[in-house]
Amino acid sequence: MAAGFGGSSPGERGDQGLIAFGLASDLLQSVTDSGGTETETAIGSPPTLTDFNKYKIVVRNAAVDFYVNDVLKNTHTANLAAIPQFVVFSLRTEAAVAARMDVGAVRCYLLD
């Protein structure tokens, strides 16, 4: 099974091997997980989630940077997942309300 996916429900967010943006009670957060140990950090000054927003994750050797609308919001240096580089989009009900995701351009770069 690919890292970042759960075994109980196909396509569900897994609980191990993650580098992601996530929602917790409608609050945007950055998440890194290695072997089931997570670092979750709330996004300060969060964007309006129903607006068009630009999300960027920069993975470096010893850190992961999380940007929203070209502004650095969080940097994680712990619990960094060692996973292949691929993009996963996951959508589910949040706070008992069906969610919708519109995906625009997705660009991936090799930095090293």
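Up top is the structure these notes are about.
Residues numbered from 1 in each chain as written. Predicted model: local features only at pLDDT ≥ 70, side-chain atom pairs only at ≥ 80, totals over all residues. Heavy atoms only, no water.

Trainee: Looking at this model, I keep getting lost on the side chain of T32. Mind explaining?
Mentor: Here T32 is to be found in strand β2 (residues 27-34). We classify T32 as buried; its relative accessible area is 0%. In this structure the side chain of T32 is engaged in a polar contact, spanning 3.1 Å, whose partner is the backbone oxygen of A78. Filtering out sequence-adjacent residues up to four positions away, T32 remains in contact with L18, I19, T37, E38, T39, V64, F66, H76, A78, N79 and L80. (Helix = DSSP H or I, 4+ residues; strand = E, 2+ residues; numbered from the N terminus. Buried < 20%, exposed > 50% of the residue type's maximum accessible area, 1.4 Å probe, protein only. Polar contact = N/O pair within 3.5 Å; in protein donor to acceptor, adjacent residues only side chain to side chain. Contact = heavy atoms within 4.5 Å.)

Trainee: Please clarify how the pattern of salt bridges should be interpreted in this entry.
Mentor: Here the idea is simple: oppositely charged side chains can pair when their charged atoms come close. Tallying each qualifying case throughout the model produces two salt bridges. For D70, the salt bridge identified is with K54, shortest N-O distance 3.3 Å. Remark: K54 occurs in the loop between β3 (37-42) and β4 (55-59) and D70 occurs in the loop between β5 (64-68) and β6 (71-76); sequence separation between them is 16 residues. Overall, the relative accessible area of 38% leaves K54 in the partly exposed class. As a salt-bridge pair, R60 and D65 come within 3.0 Å of each other at their nearest N and O atoms. Residue R60 is classed as partly exposed on the basis of its relative accessible area, which comes to 40%. (Salt bridge = Lys/Arg side-chain N within 4 Å of Asp/Glu carboxyl O.)

Trainee: Can you help me understand the pairing of β2 in this one?
Mentor: In regular strands, side chains alternate between the two faces of the sheet. Among the eight residues of β2, six are classified as buried, and the element is accordingly described as predominantly covered. Inspection of the sheet shows strand β1 (residues 18-24) paired to β2 by seven bridges, in the antiparallel sense. Note that in β2 the partner of A20 across the bridge is V31. Taking the residues that link successive antiparallel strands as the turn, the β1-β2 hairpin has two residues, and the phi of S25 there is positive, at about 50 degrees. What sits between the antiparallel neighbours β2 and β3 is a turn of two residues, in which G35 has the positive phi angle 65 degrees. (Pairing = 2+ DSSP bridges.)

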